[in-house]
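An overview of the molecular structure
Here's the letter readout for the chains.
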Amino acid sequence: MPFFYLNAKRAKNRFSIIIAALFFVIGGVWFFEYLDAEALNYSISQESQAPMGELSIIIRIHDRVLELYDNGKLFKRYRIAVGKRATPTPIGEWNVVYKGWSPEEIMGTRWMGLDIPWGSYGIHGTSAPWSIGSFASHGCIRMRNHDSEELYEWVPVGTPVNIVGPKPKIDRVLRRGTVGPDVVRLQLRLVELGYHQERAKGTFGKDTEASLRAFQRDNRLPETGITDEKTLLLLKM
């Protein structure tokens, strides 16, 4: 048997093995994604293929899950990736303020920007689908591209997006004009106690100051409108 024939046959066999391995890997990834999506949504009954009412989103950082609600009823869950320890996804009560086709490949095929005042954060697709389900981003919420495309078609600008997760430390004095995740934590606590009626958006404005002063007054503290040590102690923060 000619030598070149043996080499050609071996090359053909190696090529066949490589193709089979690729099909196995791609099929395994697809099957895993399918099972994960089915597990996330097994208890949800959908009456239609698309939500028809007023939409809202809850992002659960601990679970790495995005939940879409239709008129207050859970409509669908998606597996996501969220921020790393060094660059956490900001908790808070935000809104979708911009929708667009992602300008950079790393952001996948769709972009839904959020009104977080201390950076550019959004919900978007990814060119790194293997990162989905992990703490991998710089703070944004990553979705599989086909999931981000589906959500993009449904969600209008203005949709509320509540992000729940680890509460940041308050290790500085907060006062009017302060911006950041620690302000979100203060606002959420004041909401829990019934002193704050606005959404927790991380900007310490006059409404937050008035809410804090009311708390201080009711607890016989000086009405400074700032987070001194005694105020934080009574707030249990």
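About the cut-offs
Just so you know, the residues in each chain are numbered from 1, in the order the chain's sequence is written. Where totals are concerned, whole chains, interfaces and linings use all residues; where local detail is concerned, this predicted model gives features only for residues with pLDDT of at least 70, and gives and counts side-chain atom pairs only at 80 or more. With hydrogens and water stripped out, all remaining heavy atoms of the structure feed into the side-chain values. Exposure classes here rest on a 1.4 Å probe applied to the protein chains alone. A residue is buried below 20% of its type maximum, exposed above 50%, and partly exposed in between. The secondary structure listing takes helices from DSSP runs of H or I that are at least 4 residues long and strands from runs of E that are at least 2 residues long, numbered from the N terminus. Directions drawn from the helix axis to the C-beta atoms are what define this arc. What counts as a ring pair is set by centres within 6.5 Å for rings of Phe, Tyr and Trp (its six-membered ring), and what kind of pair is set by the plane angle: stacked under 30 degrees, edge-to-face over 60, tilted for all other angles. Consider the ring centre and the ring normal. A charge sits over the ring if Lys NZ or Arg CZ is within 6 Å of that centre and within 35 degrees of that normal. pLDDT is defined as a per-residue confidence score from the predictor, taking values between 0 and 100. Two residues form a contact once any of their heavy atoms are found within 4.5 Å. Buried Ala, Val, Leu, Ile, Met, Phe, Trp, Tyr and Cys residues form a nonpolar core when they are joined through side-chain atoms within 4.5 Å. By salt bridge we mean one thing: a side-chain nitrogen of Lys or Arg within 4 Å of a carboxyl oxygen of Asp or Glu.

**Quick word on helix H2 (residues 145-154)**
- Here H2 has its buried residues at Asp147, Ser148, Leu151, Tyr152 and Trp154. On an axial view of H2, the arc spanned by its buried residues comes to 165°, and they lie on one face.

**With respect to unusual backbone geometry**
- Phi at arginine 64 is positive, roughly 55°, even though this residue is not glycine.
- For arginine 64, the position within the fold is in the loop between strand E1 (55-60) and strand E2 (65-70).
- A positive phi angle, close to 60°, is found at lysine 236, a residue other than glycine.
- By the secondary structure assignment, lysine 236 is in the segment after helix H5 (229-234).

**Some remarks on the packing of aromatic side chains**
- If you walk through the whole model with that rule in mind, you get three aromatic pairs.
- Sitting over the ring of tyrosine 152, lysine 99 keeps its end group 4.4 Å from the ring centre.
- The ring centre of tryptophan 101 lies 3.6 Å from the NZ or CZ of arginine 110, which sits over that ring.

**Regarding the confidence of the model for the protein**
- For the protein, per-residue confidence averages 86 on the pLDDT scale, and residues scoring 70 or more make up 80% of the total.
- When the criterion is pLDDT under 50, residues 3-9 qualifies, and its contacts beyond four places in sequence or with other chains add up to one contact.
- Counting interchain partners and residues more than four positions distant, the pLDDT-below-50 stretch residues 20-32 has one contact.

**Focus: the side chain of serine 131**
- Inspection of the secondary structure assignment puts serine 131 in the loop between strand E6 (122-124) and strand E7 (135-137).
- Judged by relative accessible area, serine 131 falls into the buried class, the value being 7%.
- Beyond its immediate stretch of four places on either side in the chain, serine 131 contacts Ala81, Thr126, Ala136 and Arg142.

**Focus: the nonpolar core**
- Grouped together as the largest cluster of nonpolar side chains are 29 residues, with contacts concentrated most on Ile57, Ile59, Leu66, Ile123 and Leu151.
- Ranked by the residues each element gives to this core, the list is headed by strand E3 (residues 73-83), at four residues.
- Those residues in contact with leucine 66, other than ones at most four positions away along the chain, are Ile57, Ile58, Ile59, Lys76, Arg77, Tyr78, Ile80, Ile123, Ile141, Met143 and Leu151.

**Some points on the pattern of salt bridges**
- Enumeration according to the criterion identifies eight salt bridges in this entry.
- Notably, a salt bridge pairs lysine 201 with aspartate 115, separated by 2.6 Å at the nearest N-O pair. Placement of lysine 201 in the loop between helix H3 (181-192) and helix H4 (206-218) and of aspartate 115 in the loop between strand E5 (111-114) and E6 is noted, with a sequence separation of 86 residues between them.
- Taking the relative accessible area as the measure of exposure, lysine 201 reaches 24% and is therefore partly exposed.
- Connected through salt bridges with shared partners, the residues Arg60, Glu67 and Arg77 form a single ionic network.

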